[in-house]
Amino acid sequence: MSWPLVAIKNVAKVVTGKTPSKKVEGYFGGDIPFVTPAELDKDKLVVSANQTLTEEGAAQIKLVPEGAVMVCCIGSLGKIGIAGRELATNQQINTVIFDKEKVDTNYGFYALARLKPQLEALAPSTTVAIINKSNFESLKIPIPPLPEQKRIAAILDKADQLRQKRQQAIGLADEFLRSVFLDMFGDPVTNPKGWEVRRVENLASSDKYSIKAGPFGSALKKEDYVPSGFKIYGQEQVIRDDLSYGDYYIDKDKFKSLENCKIAVDDLLISLVGTFGKISIVPVNFEPGIINPRLMKITPDKNVIVPKFLKYLLQTDGAMAKIQHMSHGGTMGIVNVGKMKDLALPIPPLEKQKEFLEKMNKLILAKKRQKKGICITESLFNSLSQKAFAGKL
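From a predicted model like this one, the values you see are computed outputs, not experimental measurements.

### Overview of the sheet that holds strand β15 (residues 268-271)
No. 1: Spatially, four strands are ordered β12-β18-β15-β16 in an open sheet, and the strand pairing comes out antiparallel. The open sheet has two edge strands, β12 (211-213) and β16 (279-281), and neither has a second partner. Within this sheet the neighbouring strands show an average axis-to-axis angle of 20°, counted without direction.
No. 2: Sheet topology places β12 next to strand β18 (residues 295-298); three bridges connect them, and they run antiparallel. Looking across to β18, one finds that K212 is bridged to K297.
No. 3: The strands that helix α8 (residues 307-314) touches are β15, β16 and β18; relative to β16, the one it contacts most, it runs at about 175°.

### Remarks on the sheet that holds strand β6 (residues 69-72)
No. 1: Here we have five strands laid out as an open sheet, ordered β2-β9-β6-β7-β4, and mixed in their pairing. Unpaired on one side and paired on the other, β2 (12-16) and β4 (45-46) mark the two borders of the sheet.
No. 2: Across four bridges, β6 lies against strand β9 (residues 93-98) in antiparallel orientation. Its bridge partner lying in β9, V69 is registered against V96.
No. 3: The strands touched by helix α2 (residues 105-113) within the sheet are β6, β7 (80-83) and β9, with β7 carrying the most contacts at an inclination of about 160°.

### Quick notes on helix α5 (residues 146-185)
No. 1: If you check α5, its first and last C-alpha atoms are 57 Å apart, about what 40 residues at 1.5 Å a residue would give, namely 58 Å.
No. 2: Just downstream of α5, G186 is the residue with a positive phi angle, here 80°.

### Observations concerning the nonpolar core
No. 1: If you look at the biggest cluster of nonpolar residues, it comprises 41 residues, and the most contacted ones within it are M296, I298, F309, L310, L314, L345 and F356.
No. 2: Element by element, the count of residues in this core is highest for α5, at six residues.
No. 3: Of all hydrophobic cores here, the second largest spans 35 residues; its members include I82, V96, Y110 and A159.

### Some remarks on the packing of aromatic side chains
No. 1: Per the stated rule, a full pass over the model turns up 15 aromatic pairs.
No. 2: Relative to Y248, the ring of Y225 lies with its centre 5.0 Å away and its plane at 35°, an arrangement referred to as tilted. A residue pair is termed long-range when its members are at least 10 positions apart, and Y225 in the loop between β12 and β13 (230-233) and Y248 in the loop between α6 (235-240) and β14 (249-250) qualify at 23 residues.
No. 3: On the accessibility criterion, Y248 (38% relative accessible area) is partly exposed.
No. 4: Here a set of aromatic residues connected by ring pairs shows up, and it is made of F181, F185, W195, F309, Y312 and F356.
No. 5: Across from the ring centre of Y245, 3.6 Å away, lies the NZ or CZ of R240, which sits over that ring.

### A look at the packing of α8 against helix α11 (residues 350-389)
Axis angle and axis distance: for two packed helices, these are the angle between their axes and the distance between the axes, and together they describe the pair.
No. 1: The interhelical angle for the contact between α8 and α11, taken along N-to-C directions, is 80°, at an axis separation of 10 Å. One element, α8, and the other, α11, form an angle in the roughly perpendicular class. For the pair α8 and α11, contact is made by K308, F309 and Y312 and by Q353, F356, L357, M360 and N361, respectively.
No. 2: Residue composition of the contact of α8 with α11, grouped by class: five nonpolar, two polar and one charged.

### Examining the side chain of N90
No. 1: Relative to the helices and strands, N90 is located in the loop between β8 (88-89) and β9.
No. 2: Take N90: its relative accessible area is 7%, and that puts it in the buried class.
No. 3: Within the structure, the side chain of N90 is placed 3.0 Å from the backbone nitrogen of Q92, a separation counted as a polar contact.
No. 4: Not counting residues within four places of it along the chain, the set of residues in contact with N90 comprises G17, K18, T19, F34, V35, T36 and P37.

The rules behind the values
- Throughout, residues of each chain are indexed from 1 in the direction in which the sequence is written.
- With the structure being a predicted model, the display of local features is reserved for residues of pLDDT at least 70 and the display and counting of side-chain atom pairs for 80 or more, all residues being used for whole-chain, interface and lining totals.
- Hydrogens and water are ignored here; the side-chain numbers use all heavy atoms of the structure.
- In this description, strands pair whenever DSSP reports at least two bridges between them.
- Strands are runs of DSSP state E lasting at least 2 residues, helices are runs of H or I lasting at least 4, and numbering of each runs from the N terminus.
- Here an axis means a line fitted to C-alpha atoms, over the contact stretch when the element is a helix, while the angle between two N-to-C directions is reported on a 0 to 180 degree scale.
- The contact rule is simple, with two residues in contact once any of their heavy atoms fall within 4.5 Å.
- To estimate the expected span of a helix, count its residues, drop one, and scale the result by 1.5 Å.
- Nine residue types can take part in a nonpolar core, namely buried Ala, Val, Leu, Ile, Met, Phe, Trp, Tyr and Cys, and a core is a set of them joined through side-chain atoms within 4.5 Å.
- For every residue, the accessible area obtained with a 1.4 Å probe (protein chains only) is divided by the maximum for its type, and the residue is called buried under 20%, exposed over 50%, and partly exposed between those limits.
- Only Phe, Tyr and Trp rings are paired, with Trp represented by its six-membered ring, and only when their centres lie within 6.5 Å; those with planes under 30 degrees apart are stacked, over 60 edge-to-face, the remainder tilted.
- We call a charge positioned over a ring when the NZ of a Lys or the CZ of an Arg lies within 6 Å of the ring centre and within 35 degrees of the ring normal.
- The scheme is simple: roughly parallel for angles under 35 degrees, roughly antiparallel for over 145, roughly perpendicular for 65 to 115, oblique for anything else.
- Classification convention: Asp, Glu, Lys, Arg as charged; Ala, Val, Leu, Ile, Met, Phe, Trp, Tyr, Cys, Pro as nonpolar; all other residues, Gly among them, as polar.
- Contacts described as polar in this section are N or O atom pairs within 3.5 Å, which, within protein, must combine one atom able to donate a hydrogen with one able to accept it, while residues neighboring in sequence count only if both atoms come from side chains.

Okay, here's the thing in structure tokens:
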């Protein structure tokens, strides 16, 4: 049996959000959550937001009632959540207030969540993807009788809870590892256990170019790129932590002229511009090549520090706060190599580093199992959802 398809506007009222004037300071900072797409696609029920409005600010716009379903229609199309209390949204979000005589809220949430591919297909090819309110509310969703809606929603809720629990388990594993680190070594900023403090410069090997930024822009131009040869590594690989990504190359002569920027196994590659502080370690199997001007490399002295431990240490909240403090450049933050060399870090003995990494490796294995489980539950959820909305559940 297939359910009748009904336009959203025929079973709900759709309201587009609005941002009160930011010129009036008194509009912001109260108790009313002001939801943006950043708060969607997380918990199903949204009860808080990074920004809030005062009563005066809320009076400038229409508030969203508890139980309404919020869908992002500008930018991150299809991100979704249910208002867990009365709140406000910005103009990127269309809120669907279902007629409760016709649509169960939970069912409506899952029905609207399935529209994401349609939203992406409908959006014009502009810089920022946009679905206007008229097009959005004309989209159709299947509407079975209310008791059937509630049955479908209850089944999908259970499948979704299983999916969420696995995702939460991954987050808890990361949190647990942070706790283990702090228990073993203390806060890297205050160094309560009194470990020896070394500058990053003194953690690198004695090789001449063990700490090196990529070549200046004039030394590596796009005209130098060739279809194959020696790979150019940049932030696109490091941010993904995947050095197999990308296909920019230079030929042998250019590589030789920039050999001081070449990478080797176990080097740390660190992003320096914009999304700075991201780190990849060069694996055993990699394509020979060089770093570009947006990266620096560190070849660690393995008699002093294990590369994986140095990566973890540099990405702790304390170390990242220091790197953030060293950055300059306004909107596009930049960290220079000279300051990175001066960064002081507490360094525990090698055996303690290895003990921590053993614990970390066990957690990584556990996370891999959880991720595999997420793929299975995701597949189960999608299969259930497809059958439910096709009237075959």
